[in-house]
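Next come the chains, spelled out residue by residue.
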Amino acid sequence: MRWSSRPYSAGGFFFLVLFGIFTFIFLSFLYLESAEEKKISIYSSVANYTLSVTERNGQDYVGLFEILEPLGTANIKTDGLHWKLRYKTVAAEFTAGESRARVQGRNLDLPASFLLDNGRGLVPLACLSTLLPRFLATPVAFHETSRRLFIGNVAVHFTAQINKTNPPTLVMNFSSPVNPMIATEPGKLRMVFRQEPLVPPGSRTLTFDSAVMPSASFDESNGAAEIAVTGSAPLLASFSNDGRTITIAPAPNQAQAPVRTSNPPSTPAASPPPAQSASTAPAAAVERPVPYFAVVDASHGGEERGAALTDQLAEKDVTLALARRLRQELDAKGLNTLVLRDGDLTLSLDQRASLTNSVHPKIYISVHAASLGTGVRLYTALLPQGGGDRGPFLDWDTAQAGFRFASQSAEASLSAEFGNRQVPVRTLIAPLRPLNNIAAPAVAIEIAPPAGGISQLDSAAYQQLVAEAVAAGVAAARDKLGAVR
Amino acid sequence: MIPRHLLIGVAAMFAVVLGMSVYVWRMRGRVEQVEAPVVDTRTVAPPVSGPSEQVTLYVAYDEPGVLRAQTARIALPSGRQERAQELLRALLGMYLDKSSSHQLGPGAEIRDVYLVDPGLAVIDANAAFADTHRSGVLVEELTVASLVQTLAVNIPGITRVKILVDGKQREALAGHADLTGFYDVSAVNELASQMR
């Protein structure tokens, strides 16, 4: 009767309950919107790959067949609730909704029920370190919180050492070649290793006796490892030693500074149209401290993914990996090379052209990738109708006009090297910006899958073959390119 | 007698149920909108009146990555501008076929072609033409070369071509082929000869 005598209290109570329900629903939506897709990375001597993690009943699950299939011959058979898997000579049987499985005739208790999802057999992540050794007959180390699975002895170790030169450099040596995604932000340079089985050093935080780069930290989460280097100045990373060494040094000038195009050049530089935006600056800021022979431009980047080559593979990632390999090969031949987009950054076409023109390279190479056809296609500029040059200033839209023959000569040299390596090659002109805005010999490369199919497009072997051919072609044309003015 | 707090509780629950029903009903309507069958968005043009003529279409073939000249007989009106539109619509009609050698996305259409003296042709494609186009240097330049070359070969006097999307300038067709400039017909002719 106490409630009856205080009706408004009851109304207030229910109002509060309703308010709570709606708040919960609203927050749930917010959480779902912002939640990052969970992933697990698997490292083995056969392949390194990443799979999506499915959350069911508060547990993280992953497809068992998807884990084993890249490692060896595996096949499955579904019979009602029963899911049978054979990997090489190991047979296993799971039942949907049950937490007991049989592997090679022996029972195994899973920490949660096995699930069937449209024929996919899902096992809880927590059981991988006990389940997989029965199939693989090799030690398995699972970093459960970061979802990184190491099969066998595949770990990549690294050391970091500061060189007290002027400016100081941080040299990181890795036990195997690495190709991280690099991002810069004020006071920090981050390197994200998703495909590399990188393991932490003795201490996850490294301190250095340097005011410019005082520390670095190792962290791992969501299937990736990250090394973050703190710096009091904008930092740049460069690769050497076939990807085994990353050298981090202060950028030659402020990365956020607007692009300078007013240096008195030996060749009149094309000026970008006034409407261009300078809001996004590249990782590699340039002010001509070093004469670059080549500028390699990894097309697309940031929010602009380029072509979707497969469900998982974006053009921007293939171009970045290839651009870095190309820099290694060109540097190895003594051709100092600048990679315009050395990270997952958004750069406009005008910014790419403006940056290139400001360093006056002997050759500009734009890198693209496509799923259509096979082999490699080389392009020089198909020039649009332009407004004509004005005195010492080149018309922005047709800045390439005076370099067409040099570009075609370089293209022919590259084409010959691809031919020498039995890579199918084709040469064309193309309406592809910013080729027409470049005041230097300029060539674009579009790599298509090799005969092995689209999955080979980002393979290290194929990209290395392409990078070697391009570098050899540029080196062969070095004298001609050096004479271009 | 039913206690007052229970009455209030039941009333509140009814209110919640009613509110959720209205919400679900509206969401269902939205889903139906989303899942509605794809409507052919192409403009409905009146049947072309005019004699059937033999024309040369430059047709793209993805697999070898070539452009081939093909003759076809299509009904063409007498006006120069209308002829240009019909030519490109006939070409796109081939690309929209499921067995096409160079498939374009559903709904791709040429809205208009404007001929501006001296020698300028402006092609205005609809948004679906660019939004659904596959991305890649070769596949995009095949489309551009096919359109420009077909127009230039069949409509005398065209020396440059501009491509708009939905009446506006666009930076690139699908991330690669430049749409900001004017295509020089002689340069595209050189490209077409490389693509044979």
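Remember, it's a predicted structure, so these values are computed and weren't measured experimentally. (Residues numbered from 1 in each chain as written. Chains lettered and ligands numbered in written order. Predicted model: local features only at pLDDT ≥ 70, side-chain atom pairs only at ≥ 80, totals over all residues.)

Q: What should I look at first to understand the overall build of chain A in this one?
A: From N to C terminus, chain A includes nine helices and 28 strands. Counting all 485 residues of chain A, 40% fall into the buried class. A separation of at least 24 residues holds for 66% of the contacts in chain A among residues at least 6 apart in sequence. (Helix = DSSP H or I, 4+ residues; strand = E, 2+ residues; numbered from the N terminus. Buried ≥ 20, exposed ≤ 12 C-beta atoms within 10 Å, placed from the backbone. Contact = placed C-beta atoms within 7 Å.)

Q: How should I be thinking about the nonpolar core in this particular structure?
A: Proteins that are soluble and globular tend to have nonpolar side chains buried together. In terms of nonpolar packing, the biggest core is built from 113 residues, with Ala 294 and Val 470 of chain A together with Leu 88 and Val 148 of chain B touching the most fellow members. When neighbours within four sequence positions are excluded, Leu 88 of chain B is seen to be in contact with Ile 110, Val 113, Ile 123, Leu 147, Thr 150 and Leu 151 of chain B. Counting 28 residues, the second-largest nonpolar core is a separate cluster that includes Leu 85, Phe 114, Leu 132 and Ile 151 of chain A. (Core = buried A, V, L, I, M, F, W, Y, C linked by C-beta atoms within 7 Å.)

Q: Got a minute to help me understand the sheet that holds strand β11 (residues 120–124) of chain A in this structure?
A: Whether parallel or antiparallel, the strands of a sheet pair through hydrogen bonds between backbone atoms. Residue and element names in this part refer to chain A. Spatial ordering of the open sheet is given by β3-β4-β11-β10, a layout of four strands whose pairing is antiparallel. A single partner strand is all that each edge strand has here, and the edge strands are β3 (54–56) and β10 (115–117). With direction set aside, neighbouring strand axes in the sheet form an average angle of 40°. Taken together, the three bridges between β10 and β11 define a ladder with antiparallel strand orientation. Pairing of Asp 117 across the sheet is with Arg 120, part of β11. (Pairing = 2+ DSSP bridges. Axes fitted to C-alpha atoms, helices over the stretch in contact; angles between N-to-C directions.)

Q: Help me out: how do you make sense of the sheet that holds strand β19 (residues 215–221) of chain A in this one?
A: Residues and elements named next belong to chain A. Judged by pairing direction, the sheet is antiparallel, and its five strands sit side by side in the order β16-β17-β20-β19-β18 without closing on themselves. Here the strands that pair on one side only, and so sit at the sheet edges, are β16 (181–185) and β18 (205–207). The sheet shows a mean angle of 15° between the axes of neighbouring strands, direction not considered.

Q: Looking at this model, I keep getting lost on the environment of Asn 48 of chain A. Mind explaining?
A: All names here are of chain A. With respect to the helices and strands, Asn 48 occurs in strand β2 (residues 48–52). A count of 16 C-beta atoms within 10 Å places Asn 48 in the partly exposed class. Taking the C-alpha atoms as reference points, Asn 48 and Ile 151, separated by 103 residues in sequence, lie 9.9 Å from one another. Not counting the four nearest positions on each side in its chain, Asn 48 is found in contact with Ile 42, Tyr 43, Gln 195 and Pro 197.

Q: How should the interface of chain A and chain B be read in this particular structure?
A: For an interface, size is often stated in terms of accessible area lost upon the parts coming together. Opposite the 29 residues of chain A that make contact, chain B presents 29 residues. Those elements that place two or more of their residues in the side of chain A that touches chain B are α1 (2–5), α2 (7–34), β26 (376–381), β27 (425–430) and β28 (442–447) of chain A. Broken down by element, the side of chain A that touches chain B gets its largest block of residues, five residues, from α2 of chain A. Tallied by class, residues from the side of chain A that touches chain B come to 18 nonpolar, seven polar and four charged. (Nonpolar A, V, L, I, M, F, W, Y, C, P; charged D, E, K, R; others polar.)

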